[in-house]
Amino acid sequence: MAPELLGFAAAGICAYAADLGLFIWLRGPLGWDPLTAKALSFVAGCTVAYVGNALGTYRRRTPGISRMRQYAVFFAVNIAGALVQLLCLAVSHYGLGLTSPRADTISGAGIGMALATVLRFWGTRTLVFRTGEGGVRHGPAEEVA
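Residues numbered from 1 in each chain as written. Predicted model: local features only at pLDDT ≥ 70, side-chain atom pairs only at ≥ 80, totals over all residues. Heavy atoms only, no water.

**Q** Looking at this model, I keep getting lost on the overall build of the chain. Mind explaining?
**A** Looking only at helices and strands, the chain features four helices and zero strands. Starting at the N terminus, the α and β elements of the chain follow one another as α-α-α-α. Across the chain, contacts joining residues at least 24 apart in sequence account for 67% of those joining residues at least 6 apart. Within the structure as shown, the chain displays about 8900 Å² of accessible surface, and the carbon and sulfur contribution to it stands at 72%. (Helix = DSSP H or I, 4+ residues; strand = E, 2+ residues; numbered from the N terminus. Contact = heavy atoms within 4.5 Å. Areas by Shrake-Rupley, 256 points an atom, 1.4 Å probe, with all protein chains shown as cover.)

In structure tokens:
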């Protein structure tokens with residue numbers, strides 16, 4: 001599982017860089033409003049993560065499955081991850097009354113990101129890039145050369 005985790009992390013780091021870089025560019029030099037810029041950068045980040053996982057980490061899984069279907073499920077998993085981050089922030093900020101910028105950062109970008117990453121990893125390997133009947137995964141010893 002270590003190579004899978006490393007590949008997933010590498011795709012995620014590239015996706016994060018694409019998301020952040022595009023957001024900064026759209027907000028700064030182009031002057032777009034923050035929600036439009038974030039929506040577009042989120043889609044770009046999801047696309048980078050999908051391509052990295054499809055062509056890298058999980059390239060030997062799900063042969064014959066439509067890439068569009070995979071991407072749609074992958075995008076849904078990433079939306080769920082984003083909602084987890086927002087929920088952590090909302091509970092901390094509005095439910096617990098922890099309203100400082102530091103508390104918001106810890107709950108949204110720290111705890112929320114950690115929980116969302118676990119959800120994204122599970123969803124990616126279980127729902128998006130599965131092999132065999134019923135989503136049964138085959139380990140390296142079971143793969144046909």
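**Q** Is there a simple way to explain the packing of aromatic side chains in this structure?
**A** Ring pairs (aromatic) are described by centroid distance and by the angle formed between their planes. Taken as a whole, this structure holds seven aromatic pairs when the rule is applied. With a centroid separation of 5.7 Å and 65° between ring planes, the pair formed by Tyr50 and Phe74 is classed as edge-to-face. With Tyr50 in helix α2 (residues 34-57) and Phe74 in helix α3 (residues 67-95), this residue pair connects regions lying 24 residues apart in the sequence. Both residues of the pair, Tyr50 and Phe74, count as buried. Note on Tyr58 and Phe129: the rings are 5.0 Å apart at their centroids and 10° apart in plane angle, and the pair reads as stacked. Of this pair, Tyr58 sits in the loop between α2 and α3 while Phe129 sits in the segment after α4 (101-128), and the two are 71 residues apart along the sequence. Exposure remark for Tyr58: the relative accessible area of 2% places this residue in the buried category. Assessed through its relative accessible area of 0%, Phe129 is described here as buried. Through successive ring pairs, a cluster of aromatic residues spans Phe42, Tyr50, Tyr58, Tyr71, Phe74, Phe75 and Phe129. Lying across the ring of Phe23, Lys38 places its NZ or CZ 5.8 Å from the centre. (Phe/Tyr/Trp six-rings, centres within 6.5 Å; stacked < 30°, edge-to-face > 60°. Buried < 20%, exposed > 50% of the residue type's maximum accessible area, 1.4 Å probe, protein only. Lys NZ or Arg CZ within 6 Å of the ring centre and 35° of its normal.)

**Q** For this particular structure, what's the right way to read a nonpolar patch on the surface?
**A** Where nonpolar side chains cluster on the molecular surface, the patch consists of Tyr16, Leu20, Ile24 and Met113 and spans about 380 Å² of accessible area. Sort the elements by how many residues they give to the nonpolar patch and helix α1 (residues 2-27) lands first, with three residues. Relative to the assigned elements, Met113 resides in helix α4. (Patch = residues over 30% accessible without salt bridge, like charges linked within 9 Å, V, L, I, M, F, W, Y side chains within 5 Å. Salt bridge = Lys/Arg side-chain N within 4 Å of Asp/Glu carboxyl O.)

**Q** Please clarify how the nonpolar core should be interpreted in this entry.
**A** Taken as a class, soluble globular proteins show a tendency for nonpolar side chains to be buried jointly. Counting residues in hydrophobic clusters, the biggest one holds 14 residues, and the most contacted among them are Tyr50, Tyr58, Phe74, Val128 and Phe129. Mapped by element, the contributors of at least two residues to this core are α1, α2, α3 and α4. When residues in this core are grouped by element, the largest group, five residues, is from α2. (Core = buried A, V, L, I, M, F, W, Y, C linked by side-chain atoms within 4.5 Å.)

**Q** Mind showing me how you'd approach the side chain of Ser41 here?
**A** Examined against the element boundaries, Ser41 turns out to sit in helix α2. Filtering out sequence-adjacent residues up to four positions away, Ser41 remains in contact with Asp19, Leu22 and Phe23.

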